[in-house]
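# Architecture at a glance
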Amino acid sequence: MPRPPRIQFPGAIYHVITRGDGRRTLFHDQGHYDRFTKGLADEVERSQWKVLAFCWMPNHIHALVQTPLPNLASGMQHWLSGYANWYAKRNQRTGHLFQGRYKALLVEDGGYFWTLSRYIHLNCVSGTRPLVDHPESWPHSSYPGYCRKSNRLPWVAYDDHHAYWQGQNGGKNATAAYRKYVEEGIDCIEDPFKTHLREWVFGSADFLNRMIALAGDGTENGTPRNRKLRRVEPQSILDATAKEFGCDASEYAVYRSGAPGRALAAWLCRRWTSATLPELGPLFGLSGTGSVSNLTRTAEVQLKKRAMIIRKQTIETELGLNIGNKA
């Protein structure tokens, strides 16, 4: 059975999992936990990652990471190999530390942040032998920082984690709402893996199809190979789309604008840029993240027509985005 593909593109979100080889212990004491955490902090600075959540268990780890640049593979190699080399020297042990290659499950958007991060943060209280009674008591995770600002780490993107939920639900105290949400799951932990698709995607069927299209554009003997997509700024997409439709890009920023190509521009921004929904909102005269999502859904309907597909491909070609020109 072929391994899940490694798809990389600007703004991609991943639920990363790796285990000790043969259930081997990864962390023997506080020094081991500290060194592994420092490695991730260094990678955030080096690779510009956004870490939404993490939890280190004695023999496996979970992390929810967004990569503004398409560099997950190089960043993971640097982070994990750096720790493995340090571990081998400190413990005078040889052989593989990690079990095979890490898992990197693609996540569609911020709508999955709370579900996945809750699962990650509750790892320490799950199973037949929970490590602690309450996730806030487990120091080797990002959850204490979600409970108290005094416990926050400067390199964890707490506000980004809450942004999608606030855009959808409003309210001023996302921290309290998230804490309540996590605590409600302690006695009945929801398994998000029951809803993931093809064993490598958390998202809608449309998102799965888009990822399959990207993976399918880079195959060797039927097995997808890594994809790296060219980075582009949202304004470049707006300008190119407006040019194709014969209007001015500034018209897209008008609330309820009927400017031609506006929905397609939003769809292209979601596909090709690292901009979040809150960041895209002002570019389209919108305040809520759901409104941007509605624009992209409108574009998906439009892209069922051949004429719109051709215009999309023309814009992508203009910007040098010739990878995966499928609706």
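Above this note sits the structure.
Below: a short report on this structure. Because the structure is a prediction, the values reported are computed rather than measured.

### What about the overall build of the chain?
- The number of helices and strands found in the chain is 12 helices and 9 strands.
- Residue burial in the chain is summarised as follows: out of 327 residues, 51% are buried.
- Once local pairs closer than 6 in sequence are excluded, the contacts in the chain between residues at least 24 apart make up 70%.
- Approximately 15,600 Å² of the chain is accessible, and the part contributed by carbon and sulfur atoms is 47%.

### Digging into the packing of helix α8 (residues 234-245) against helix α12 (residues 306-318)
- The contact between α8 and α12 brings their axes to 10 Å, and the two run at 130°. Classed by the angle they form, the pair α8 and α12 counts as oblique. Relative to α12, α8 is oriented so that their crossing is right-handed. Only Met308, Arg311, Thr314, Ile315 and Glu318 of α12 make contact with α8, whose side of the interface consists of Ala240, Thr241, Lys243, Glu244 and Phe245.
- Taken together, the residues of the contact of α8 with α12 break down into 4 nonpolar, 2 polar and 4 charged.

### A look at the packing of α8 against helix α9 (residues 262-272)
- Contact pair α8 / α9: the axes reach a minimum separation of 9 Å and the direction vectors enclose 145°. Between α8 and α9 lies a crossing whose hand is right-handed. Contacts between α8 and α9 involve Pro234, Ile237, Leu238, Thr241 and Phe245 on the former and, on the latter, Leu264, Ala265, Leu268, Cys269 and Trp272.
- Split by residue class, the contact of α8 with α9 holds 9 nonpolar, 1 polar and no charged.

So, how was this worked out
Residues numbered from 1 in each chain as written. Predicted model: local features only at pLDDT ≥ 70, side-chain atom pairs only at ≥ 80, totals over all residues. Heavy atoms only, no water. Helix = DSSP H or I, 4+ residues; strand = E, 2+ residues; numbered from the N terminus. Buried < 20%, exposed > 50% of the residue type's maximum accessible area, 1.4 Å probe, protein only. Contact = heavy atoms within 4.5 Å. Areas by Shrake-Rupley, 256 points an atom, 1.4 Å probe, with all protein chains shown as cover. Axes fitted to C-alpha atoms, helices over the stretch in contact; angles between N-to-C directions. Parallel < 35°, antiparallel > 145°, perpendicular 65-115°, else oblique. Left-handed = near helix turned anticlockwise from the far one by under 90°. Nonpolar A, V, L, I, M, F, W, Y, C, P; charged D, E, K, R; others polar.

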